[in-house]
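A structural walkthrough
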Amino acid sequence: MTEAEVIVVMREHLEGKFPKKCSLCDRTYTNLKDYLLHTSHVGPPKSYDLELGIHQPTQPIGTASLANCSCGNTLAIDSTGMELPTMWRLMAWLMAETVRRGQKPAVVLEALRAAIDRATLADQPIR
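So, a few notes on the structure that sits alongside this text. Model, not experiment: these values are computed from the prediction. (Residues numbered from 1 in each chain as written. Predicted model: local features only at pLDDT ≥ 70, side-chain atom pairs only at ≥ 80, totals over all residues. Heavy atoms only, no water.)

1. Quick look at the sheet that holds strand E4 (residues 63–68)
Strands sit in the order E3-E4-E5 across an open sheet of three strands; the sheet is antiparallel. With partners counted over all chains shown, the strands left at the sheet margins are strand E3 (40–47) and strand E5 (74–78), one partner each. Strand-to-strand twist in this sheet, taken as the mean axis angle between neighbours without regard to direction, amounts to 20 degrees. Of the pairings in the sheet, the one linking E3 to E4 comprises five bridges and is antiparallel in character. Note on E4: the bridge partner recorded for valine 42 is leucine 66. In the packing of helix H5 (residues 105–121) onto the sheet, contacts are made with E3 and E4, and the angle to E3 comes to roughly 130 degrees. (Pairing = 2+ DSSP bridges. Helix = DSSP H or I, 4+ residues; strand = E, 2+ residues; numbered from the N terminus. Axes fitted to C-alpha atoms, helices over the stretch in contact; angles between N-to-C directions. Contact = heavy atoms within 4.5 Å.)

2. A word on the nonpolar core
Core analysis: the largest hydrophobic core is formed by 27 residues, its most contacted members being Met10, Leu32, Tyr35 and Ile116. Leaving out residues up to four positions away in the same chain, isoleucine 116 has contacts with Ile7, Met10, Arg11, Leu14 and Leu32. (Core = buried A, V, L, I, M, F, W, Y, C linked by side-chain atoms within 4.5 Å. Buried < 20%, exposed > 50% of the residue type's maximum accessible area, 1.4 Å probe, protein only.)

3. Notes on helix H1 (residues 3–15)
An ideal rise of 1.5 Å per residue puts 18 Å on 13 residues; H1 measures up with 18 Å between its terminal C-alpha atoms. Within H1 the residues assigned to the buried category are Val6, Ile7, Val8, Val9, Met10, Arg11, His13 and Leu14. Looking at the buried residues of H1, the elements they touch are helix H2 (32–38), E5, helix H4 (84–101) and H5. (Expected span 1.5 Å × (residues − 1).)

4. A look at the environment of isoleucine 77
Mapped onto the secondary structure, isoleucine 77 falls in strand E5. By relative accessible area, which is 8% here, isoleucine 77 ends up buried. Once the C-alpha coordinates of isoleucine 77 and arginine 118 are considered, the two residues, 41 residues apart in sequence, prove to be 17 Å apart.

5. Re a nonpolar patch on the surface
Taken together, the side chains of Tyr48, Leu52, Ile54 and Ile61 make up a nonpolar region of the molecular surface, amounting to roughly 370 Å² of accessible area. Counting through the fold element by element, isoleucine 54 comes out in the loop between helix H3 (48–51) and E4. Judged by relative accessible area, isoleucine 54 falls into the partly exposed class, the value being 36%. (Patch = residues over 30% accessible without salt bridge, like charges linked within 9 Å, V, L, I, M, F, W, Y side chains within 5 Å. Areas by Shrake-Rupley, 256 points an atom, 1.4 Å probe, with all protein chains shown as cover. Salt bridge = Lys/Arg side-chain N within 4 Å of Asp/Glu carboxyl O.)

6. Side note on the packing of aromatic side chains
Applying the stated criterion across every chain, the model contains two aromatic pairs. Measuring from ring centre to ring centre gives 5.5 Å for tyrosine 29 and tyrosine 35, while their planes differ by 85 degrees; the resulting arrangement is edge-to-face. Tyrosine 35 matches tyrosine 29 in its accessibility class, with the two residues each being buried. (Phe/Tyr/Trp six-rings, centres within 6.5 Å; stacked < 30°, edge-to-face > 60°.)

Right, here's the structure in full:
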């Protein structure tokens, strides 16, 4: 997979997480762009499977990105619901990128999230 392909797959998956409602203040984020405009990221995204050294999980824990709602509550968007072969392809890309860039997975994931954010906020078409 190329980075551009990863961004497309991830944006499509993340858009499927909306609308998303804050459990504390009941604010509803209608789509990914609304979420990005009105929340603030908390740390880098984290692949819990990779943290455990599992590269092809059969029962994935997943990857999550945390953000604070304007009310202060912490929200998460994650990889739940993603098909296993798709997750494996994304994880293979991530592992290859960590080697190619000489960076830890969290650093690569943070750069990927930033690219997804830029594309989403610029209203670039997903495909």
